[in-house]
Structures are given as C-alpha cells and as structure tokens.
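Overview (structure and organization)
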Amino acid sequence: MASTTASARRRFLAPVLAALLTLPGAAAALQAQTPAASAADHAAVRARHGMVVSASAIASRVGRDVLRDGGNAVDAAIATAFALAVTYPTAGNIGGGGFMVIRFPDGRATTIDFREKAPLAASPDMFEDSTGAYSAKIHHKSYRSVGVPGTVAGLALAHEKYGSLPWRRLVQPAVTLAADGFDMPPGLARSLAAVLPAMRPYPASVAAYSKNGTPYAVGERFQQPQLARTLARIRDQGRDGFYKGETARLIAEEMRRGGGLITEEDLARYQAKEREPVRGTYRGYEIISMPPPSSGGVALIEMLNILEGYDLKAMGHDSPAYVHTLVEAMRRAFLDRARYLADPDFEQMPLERLTSKAYAAELRKTMLPDKASPSEPAQVAQAYESPQTTHFSVVDGNGMAVSVTYTLEQGYGVKIVVPGAGFLLNNEMGDFNGKPGLTDSTGLIGTTPNLARPEKRMLSSMTPTILAKDGKLVAVVGSPGGRTIINTVLQVILNLVDFDMGIQQAVDAARLHHQWLPDRVDVEANGLPPATVQALEGMGYRVRLGGRQGTAHSIQIDPVTGDRIGAADPRDADAGAAGW
Ligand code: GLY
C-alpha cells in the first residue's frame, strides 16, 4: 500500500497543485517536511513523531506545536480546532458543531458527538411561513436556521476525558492568533471577498471580516479582537466561557433581536456525547467511523461491504465497470440513508443490518452487470446539504489518531456574527427535513425520522474515519462536502486499499458522486476519460462533469518506517500538513 500506481489519468489537480505550492501558506507548511515518499506523493509531508493536516497551514502548525510540546493527538486536535475558528472561518468554528473519532494506540476507539441540537422551542413545522407554506429562507437563511452550537462542549469533553496538556495551553494559540492577527492568506482573502455581499445585512459580520466594508488584501494583517475576548473566556472558564455568562448572554440577545429560538437555557443544557464508533471491515482493514446522528459511517461501511464482493483493481480505476459498480453501491447506501438514519436518541434504526456483510450480499444481487438501476422519487427524496464543512487529521508520536470533521453548515454558516462576541453562528437546522410530509421531486424530504424536535440533533453526512490493519494504525481520513463527504471518504479508501496509491495521490485523484436522487453521476472536471463517460451514458447514466468534490486532509502511516505522511488536499488553497 505504500507504493503508488503509474496510472494518474484522474490527476486533474496537477496544474492547480503546482500553482498552490507557490503560495505562502503551502510553502510554510512544507517547511517541516523531509523528502516526499515518491514522485506521486509529490506534496506529502513526512514526519517521524506526529502530524496535523488541516484546511489552514497556520492551524496545522498550531496543532503540530502542541504535539512537539508533549501533547497527545486529542490535545493537538483541540488546539487545531480552536485555531481553525480564527484562520478558516468559513467552516472552522466555535458556533457550529461536528464529530471526533479517536483511536488509541492499543486499538480501542471512541467518538465524541458535538453535533448542534434543536432549541427547546423547535417543532417540525418551524420552517413554515405565516401562510403555512414551507420556506427555504426560514429553513436555511434565518435566525431560526441556527442550531444550539456544540463545538466548545465537544472539545471540552474530549479534553476532560482524553487530553493531557492544560486546557489553557490548547486555547491560547487561538486567542493569540485572533488578538495579534495573522497575514491574510490568499484562499481566505478570496473567500471573504466573495461572502461580503451576503454579510452586508449584519453589521457585526461586516466589521469582523472586512475593513469597514472593504475586503482584506492578501498579506494584510487580519485581527479579530472580539473573537479574541470570547476565546479568552473559553480559555479561562472552559465550556462555561461559552454556554454561560457573557457569551451565552450575547448569543441569546442576538437571537431575541433577530427572531431566533435559542435561549440561555438551551445553551446551558447542551451536552456533547461520547458514542461507540460504527465499525466495519474491508479486505482485512478495520474501518472505524462516526455513528448517527451522522449517516457517514453507516453509509461508508454499507458501500464498502457491497464493493468487497468485486475485484475493483482488475476492473481498472477509470473503467466503465468500476464506475458502474461504485455508483450502484452509492445509490443503494444513499437510499438507505434517506429511509432510516437520524438522531439515535430519538429514532430506532437497523444499524446492525445496514452494516452487515449479509445485507451487502443481498444488495449485490440487485445490481445489474452493465446497466444503471433506476432511482425512484416515490421511494423517498433528498434534502439539501451544503458542501462547506472542514475536516482535519492528527496522529501523535504514540500512534493515537484523531479524525475531526466540523462545520457551520453553509460557508460562514448563517453569515451572522454575534455582536460583541465576534464569532459566526451556524445554519445547521437546515439539515433537518423542511416540513412534515413535504417530499417532492425538487429534492425536499418530509419523512419523519429527521424532522426537527426539541433537543434533537439533525442528520449529518460527516464521516471522520480511521483505518487500521492487524492492530496497527493505517490512515486517518475525512472530508467536507455535504452528502458528497461519504463518497469522498469512500474513494480515498478505495484508492489506498484497492489501487495501491500513496495518500497524496489518493487524495489528489479526481472523485465522483451519486446520491440516489437526483439520479446523476457528478464527476470532477477531467475526472474520467471521454470513452468511459460515453460507455456510462450507454448504460443509462446521466453524467455531469465539472466542479470539485471535498477536501480530504488525510494522514497515512508508512508501514515500513512508521513515518506519518500528511497529505493536504490541494483543493483547499490555504491548506497544509505540519509534522515533526
Ligand atoms: N452540514 C453538513 C453535514 O452535517 O453533513
């Protein structure tokens, strides 16, 4: 698995990557590297002791420094998460939520669920307007779209149970970054300029992320003094610095002002939860991933179980047979996702069956050798999920591994910065179904399991995942991308296991997505040879080429040397791997 294949036809990213490596963020991230593993692992960062890979090279270095100071992977993940809230505000956050999967050096594993929850005043019909009609605006772009944030509680729980360095040491770098500022990286400059029009209705957002309404230029010093004060309260008071006192008061006041539902009571009641991971196996590899309320781990294992019955390598990476088999596995897992998955504290789900080899064998029997299966809207429909989330991976010197995906839902969440507190609120309530019974061909879903209810967590697709083999850590993977997350993680794993790619090549390779409905295969630009696209169309597939899918910041362990090989995904302009 350490070697790479010569086949690089799907490496549509090569020119992008060459350009990105000239950027300051990427260059800085390469400082700590020793030579890359191979020609194909061109940008991979190797280190002996520990590695952090995230969407922000600055945040990766914060995590790396924690490892170098003797912190474990959970410590480094906490510090990286707080730093990302400063340096990657499109998805790094303290006002959102997410999931952490931890594998300990002895092979045990656990997860921390810090998904946002619905406020106490939530109800299934809360996204209807005054006429009783479903309103996408209320669902996705209003104060009602804000879920009770979980990130600070999740990081605090992870620290209490598994951290080793003092909490202050982990939060302080983010306080310093916000207070002293940092040089505006190119990706963030572009992204903030693009989001500015959507932030205009919210003066606190414009104040936080522009110079009185003018976008920051690359290299300008970017300071966030209000955020620094909020982070300092979290540093000094732990979770109470967010869920009680000044920060809670500022959030609740802003909610009252804008017609939102979150109260100080909602904030005080929020609890992160430790949950058993969902586990599977694939060709002898152990797969450890996130259980519901994320659909990610269950769908991933269902797809891997189906695919285990085929010789994918013999089919060839870009062949019509491979893409057909992959897409049919995706179609079936996404149908089950829509049918069954939701918050486990509210709904019963057939998880054992969905992740069993026997069920996969049944599903394989329904797959036609050379023809697309139909997806029928009457079976169930899908809801929208935003691609703006972020994933990061950490491995420490003892082999403890942490895989974290967290989010504000859409890029910059609901675009509302809490006045006086300097951080963005999520719009995660948009991941609940919009209106009971409203299931239609535009993609709305109204089935019961994922309707909003007081204190319920909305269904997610986040798939932070860890691979092991023969008791040894193999890789840490994950991605943002809404529902495409699950398929991105799947393809990184297939690239590693079936196609013998190194981690950087596995991450760089073009990806594709099918989610049952709409019945369409989305393929990244230049992701498949024209002959394959033609053959797929002949089998009955609708293929759409273009765009990009996910950013899978990952780590692989070199099976021979034990080196940590960090692969930042070049689809994120400011990303970086930092090791020591
Ligand atoms: N908001 C995206 C997800 O949770 O999957």
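What comes next concerns the included structure. It should be emphasised that the depicted structure is a prediction, and the values quoted were computed from it without experimental measurement. (Residues numbered from 1 in each chain as written. Predicted model: local features only at pLDDT ≥ 70, side-chain atom pairs only at ≥ 80, totals over all residues. Heavy atoms only, no water.)

Let's talk about the pattern of salt bridges
With the rule as written, the count across this model stands at 40 salt bridges. The shortest N-O distance in the salt bridge between Asp 563 and Arg 48 comes to 2.8 Å. Of the two residues, Asp 563 is situated in the loop between strand S17 (554-557) and strand S18 (564-567) and Arg 48 in the loop between strand S1 (45-47) and strand S2 (51-54); the sequence distance between them amounts to 515 residues. Accessibility expressed as a relative area gives 13% for Asp 563, which makes it buried. Looking at Arg 48, the relative accessible area reads 47%, which means it is partly exposed. Connected via shared salt-bridge partners are Asp 113, Lys 273, Arg 275, Asp 345 and Arg 457. (Salt bridge = Lys/Arg side-chain N within 4 Å of Asp/Glu carboxyl O. Helix = DSSP H or I, 4+ residues; strand = E, 2+ residues; numbered from the N terminus. Buried < 20%, exposed > 50% of the residue type's maximum accessible area, 1.4 Å probe, protein only.)

Quick look at the packing of aromatic side chains
One pass over the full model with this rule turns up eleven aromatic pairs. When the ring of Phe 242 is compared with that of Phe 423, the centres are 5.3 Å apart and the planes differ by 40°; the resulting orientation is tilted. Here Phe 242, found in helix H11 (residues 240-243), pairs with Phe 423, found in the loop between strand S11 (401-407) and strand S12 (465-469); they are 181 residues apart in sequence, far enough to count as distant. The ring of Phe 104 has Arg 108 sitting right over it, with the charged end atom 4.6 Å from the ring centre. Directly above the ring of Tyr 285 sits Lys 469, whose terminal nitrogen or CZ lies 4.6 Å from the centroid. (Phe/Tyr/Trp six-rings, centres within 6.5 Å; stacked < 30°, edge-to-face > 60°. Lys NZ or Arg CZ within 6 Å of the ring centre and 35° of its normal.)

A closer look at the site of the ligand
For the ligand, the set of nearby residues contains eight residues, the closest of which are Glu 409, Glu 428, Asp 431, Ser 460 and Ser 461. The separation between an oxygen atom of the ligand and a polar side-chain atom of Arg 115 is 2.9 Å. At a separation of 2.7 Å, an oxygen atom of the ligand approaches a polar side-chain atom of Ser 460. Computed on the free molecule, the ligand has an accessible area of 200 Å², of which 100% lies beneath the protein chains in the complex. In the shell around the ligand, the residues fall into one nonpolar, two polar and five charged. (Near = heavy atom within 4 Å. Polar contact = N/O pair within 3.5 Å; in protein donor to acceptor, adjacent residues only side chain to side chain. Areas by Shrake-Rupley, 256 points an atom, 1.4 Å probe, with all protein chains shown as cover. Nonpolar A, V, L, I, M, F, W, Y, C, P; charged D, E, K, R; others polar.)

Focus on the pairing of S12
Here S12 lies mainly inside the structure; four of its five residues are buried. Sheet topology places strand S9 (residues 285-289) next to S12; three bridges connect them, and they run antiparallel. Among the inter-strand pairings, Ile 288 is bridged to a residue of S12, identified as Ile 466. Relative to strand S13 (residues 472-477), S12 is paired through five bridges, and the arrangement is antiparallel. Pairing of Leu 467 across the sheet is with Ala 475, part of S13. (Pairing = 2+ DSSP bridges.)

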